[in-house]
Amino acid sequence: MKITLRLFSVARDLAGFREQTMEIPAGSRAANILEILQDRNPKFAEWQHAVRIAVNQEYVSNDHPLHDGDDVAVIPPVSGG
Amino acid sequence: MKITLRLFSVARDLAGFREQTMEIPAGSRAANILEILQDRNPKFAEWQHAVRIAVNQEYVSNDHPLHDGDDVAVIPPVSGG
Amino acid sequence: MVEITHSTIDVQSIVGTVTNSESGAIDVFIGTTRNNSDGRGVLSLMYEAYEPMALKIMAELEDEARSRWNLHRVVVVHRLGVVEAAEASVVVAVSSAHRKEAFDACRFLIDRLKRDVPIWKKERFVDGSEKWSVSKATNQESTGALK
Amino acid sequence: MVEITHSTIDVQSIVGTVTNSESGAIDVFIGTTRNNSDGRGVLSLMYEAYEPMALKIMAELEDEARSRWNLHRVVVVHRLGVVEAAEASVVVAVSSAHRKEAFDACRFLIDRLKRDVPIWKKERFVDGSEKWSVSKATNQESTGALK
């Protein structure tokens, strides 16, 4: 299935891209996105427990199942205000 | 001894004056001022426990001794803000 | 900085006064005239003060706030005279490095101002009547009340 | 009302928006750029956001604040792009009948904005270097963090 992956702040710097359409295995869950990013850049490991995943602009838990067409965002610790 | 007595808000309305120089017995204390006002207008009784006395612009306790030349203010419940 | 004024309070200018490069947080409290009190329509409020003592206590409150929290700038302004509905009678503004101090100090200053600063308001109701706004309970709970 | 802007935030106009005759209290929080961070000189901050989600969460926070407290008007504005020292990056303004609600709601809104709204700042130091301002601790304490 296909998702759109959006990266922000530190996550974008580590991955080297802002937005990408990505083919992922059916049955993938939110946490799998982090594994994919970590495979590409091991430095993601330090952020694994600090980032949140949002699907279609809503924060989801680790085991949230992804669906075809989902808009998935990797949200590093926010620092607005 | 002589003091200046200043009244505000409800206290002024009850007493009918804003400021007066007043002869009081030597040895008078802050609470005695309220007794004097109450003798003049019994309605002061309802305010007895609600008003504070300030001497020379500082809140004092009931038994604070007054001195000749003191500036004594009767401070009804404040409602600034 | 504490001030008593008889004209409109300029909030924008107060925000300018407390703004500075060392601060990350500003909290501003604005007390405004409500058009009702216990269900009765209020036209305006009329404030009076024991001015020199009010300024003295306001300055003491600023000192106490500064000793409790690390504050950069502090402004407390109270207006006297007639204040119409929706107009500001009091503005407290505080700047500090972080937001906790600004919030805590601002709240402390307005709470204590309302408890201790000798200022009184008379409510002018839409039906033409007037009444000093007094709660007999308030003062008895305060430190310094005659016991 | 929640808003994201790329230009200077007009505090005076926000105060005007939340002012109304039913309210007795307005609390305004202003977050400004500090010229230092952990002892290092800061020139400016650069804010970026996941804009549609940021607006969505800001609106949810306004709804939650309104459900918790009886608020009259609420304005939350965040600025993006470069914000120089002493300039405002965020303004939260709340009006209510009494001051407790205004203070509590304003503090709730800025606390939760800083925890949950997807906005990030990059610090630009006077020595020319840049760094995303990230505290690894923050998110782990938040609801919704991946565990």
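A short tour of the structure in this document, coming up. Worth saying up front: this structure is predicted, and the values here are computed from it rather than measured. (Residues numbered from 1 in each chain as written. Chains lettered and ligands numbered in written order. Predicted model: local features only at pLDDT ≥ 70, side-chain atom pairs only at ≥ 80, totals over all residues. Heavy atoms only, no water.)

**Focus on the interface of chain D and chain A**
Between chain D and chain A, the contact holds 34 residues from the first and 30 residues from the second. Buried area between chain D and chain A, both sides added, is near 2800 Å², and the carbon and sulfur share of it is 54%. Where chain D touches chain A, the interface holds 3 salt bridges. Note that Asp116 of chain D and Arg52 of chain A form a salt bridge whose closest N and O atoms lie 2.8 Å from each other. Put simply, the parts of the chain that give the side of chain D that touches chain A at least two residues each are β4 (40-49), α2 (51-68), β7 (88-96), α3 (99-116), β8 (119-125) and α4 (136-141) of chain D. (Contact = heavy atoms within 4.5 Å. Buried area = accessible area lost by both parts, 1.4 Å probe. Salt bridge = Lys/Arg side-chain N within 4 Å of Asp/Glu carboxyl O. Helix = DSSP H or I, 4+ residues; strand = E, 2+ residues; numbered from the N terminus.)

**As for the interface of chain C and chain D**
Facing 33 residues of chain C, the contacting portion of chain D comprises 33 residues. Across the chain C/chain D interface, buried area totals approximately 2900 Å², and carbon plus sulfur atoms make up 52% of it. At the surface where chain C touches chain D, the tally comes to 4 salt bridges. Taking the shortest distance from any N to any O, the salt bridge between Asp111 of chain D and Arg99 of chain C comes out at 2.9 Å.

**With respect to α3 of chain D**
The terminal C-alpha atoms of α3 of chain D, which comprises 18 residues, lie 25 Å apart, in line with the 26 Å expected from a rise of 1.5 Å per residue. Along α3 of chain D, the positions that sit buried rather than exposed are Glu101, Ala102, Phe103, Asp104, Ala105, Cys106, Phe108, Leu109, Ile110, Arg112, Leu113 and Asp116 of chain D. (Expected span 1.5 Å × (residues − 1). Buried < 20%, exposed > 50% of the residue type's maximum accessible area, 1.4 Å probe, protein only.)

**With respect to unusual backbone geometry**
The residue Gln57 of chain A is not glycine, and still its phi comes out positive at about 65°. Tracing the sequence through the fold places Gln57 of chain A in the loop between β3 (52-55) and β4 (58-60). The phi dihedral of Asn56 of chain B falls on the positive side, at around 50°, and the residue is not glycine. For Asn56 of chain B, the location among the structural elements is in the loop between β3 (52-55) and β4 (58-60). Look at Asn56 of chain B and you get partly exposed, because its relative accessible area is 42%.

**Observations concerning the sheet that holds strand β2 (residues 19-23) of chain B**
Residues and elements named next belong to chain B. Strand order in the open sheet formed by 5 strands is β2-β1-β5-β3-β4, and the pairing between neighbours is mixed. Edge positions in the open sheet fall to β2 and β4, since each of these has one partner strand only. Taking each pair of neighbouring strands and ignoring which way they run, the sheet shows an average axis angle of 35°. (Pairing = 2+ DSSP bridges. Axes fitted to C-alpha atoms, helices over the stretch in contact; angles between N-to-C directions.)

**Section: the side chain of Ser37 of chain D**
All names here are of chain D. Within the secondary structure layout, Ser37 lies in strand β3 (residues 36-37). By relative accessible area, which is 13% here, Ser37 ends up buried. Those residues in contact with Ser37, other than ones at most four positions away along the chain, are Val42 and Glu123.

**Re the packing of helix α1 (residues 11-18) of chain C against helix α1 (residues 11-18) of chain D**
Between α1 of chain C and α1 of chain D, the shortest axis-to-axis distance is 9 Å and the interhelical angle comes to 130°. Taken together, the axis directions place α1 of chain C and α1 of chain D in an arrangement best described as oblique. When the axes of α1 of chain C and α1 of chain D are compared, the crossing they make is right-handed. Contact residues: α1 of chain C offers Val11, Gln12 and Val15 of chain C, while α1 of chain D offers Val11, Gln12 and Val15 of chain D. A class-by-class count of the residues in the contact of α1 of chain C with α1 of chain D yields 4 nonpolar, 2 polar and no charged. (Parallel < 35°, antiparallel > 145°, perpendicular 65-115°, else oblique. Left-handed = near helix turned anticlockwise from the far one by under 90°. Nonpolar A, V, L, I, M, F, W, Y, C, P; charged D, E, K, R; others polar.)

**Observations concerning the nonpolar core**
Core analysis: the largest hydrophobic core is formed by 132 residues, its most contacted members being Leu5, Ile33 and Val74 of chain A together with Leu5, Ile33 and Val74 of chain B. With near-sequence residues (within four places) excluded, Ile33 of chain A lies in contact with Ile3, Leu5, Ile24, Ile53, Leu66, Val72 and Val74 of chain A. By size, the runner-up hydrophobic cluster in this structure holds 26 residues, among which are Ile26, Val75 and Ala93 of chain C together with Val91 of chain D. (Core = buried A, V, L, I, M, F, W, Y, C linked by side-chain atoms within 4.5 Å.)

**Considerations on the sheet that holds strand β7 (residues 88-96) of chain C**
Here 8 strands make up an open sheet; going across it, the order is β1(C)-β5(C)-β7(C)-β2(C)-β2(D)-β7(D)-β5(D)-β1(D) and the pairing mixed. The two strands at the open ends of the sheet, each matched to only one other strand, are β1 (2-5) of chain C together with β1 (2-5) of chain D. In this sheet, neighbouring strand axes are inclined to one another by 10° on average, regardless of whether the strands run parallel or antiparallel. As paired strands, β1 of chain D and strand β5 (residues 71-79) of chain D are joined by 4 bridges and run parallel to one another. In the strand pairing of β5 of chain D, Thr5 of chain D is matched with Arg79 of chain D. Across the face of the sheet, helix α3 (residues 99-116) of chain C comes into contact with β2 (25-32), β5 (71-79) and β7 of chain C together with β2 (25-32) of chain D while running at roughly 150° to β7 of chain C.

**Focus: the relation of the copies chain C and chain D**
Each copy superposes on the other: chain C lies on chain D with an RMSD of 0.0 Å after a rotation of 180° and an axial shift of 0.0 Å. One copy is carried onto the other by what is essentially a two-fold rotation axis. Considering only C-alpha atoms, the part of chain C nearest the rotation axis is Val28 of chain C, at 2.5 Å. Taken together, the interface assignments show that 100% of the residues at the interface of chain C recur at the interface of chain D, consistent with an identical surface on both copies. (Least-squares fit on C-alpha atoms with pLDDT ≥ 70 in both.)

**Here we look at the arrangement of the chains**
One thing to see here is that chain A and chain C don't touch, and their nearest C-alpha atoms sit 9 Å from each other. The least C-alpha distance between chain B and chain D, which are not in contact, is 9 Å.

**A short note on the packing of α2 of chain D against α3 of chain D**
All names here are of chain D. Viewed as axis vectors pointing N to C, α2 and α3 meet at an angle of 150°, and their least axial separation amounts to 10 Å. Overall, the two elements α2 and α3 adopt an arrangement that is roughly antiparallel. Note on packing geometry: the crossing formed by α2 with α3 is right-handed. Contacts from Ile57, Leu61, Glu62, Glu64, Ala65 and Arg68 of α2 reach α3 at Phe108, Leu109, Arg112, Leu113 and Asp116. Taken together, the residues that form the contact of α2 with α3 break down as 6 nonpolar, no polar and 5 charged.

**Regarding the pairing of β2 of chain C**
Most of β2 of chain C is tucked away: 8 of the 8 residues are buried. Two strands pair when backbone bridges link them, and β2 of chain C and β7 of chain C are joined in this way by 8 bridges, in the antiparallel orientation. Across the sheet, Val28 of chain C pairs through a bridge with Ala93 of chain C, a residue of β7 of chain C. For β2 of chain C and β2 of chain D, the ladder comprises 7 bridges, and the chain directions are antiparallel. Bridging across to β2 of chain D, Ala25 of chain C finds its partner in Gly31 of chain D.

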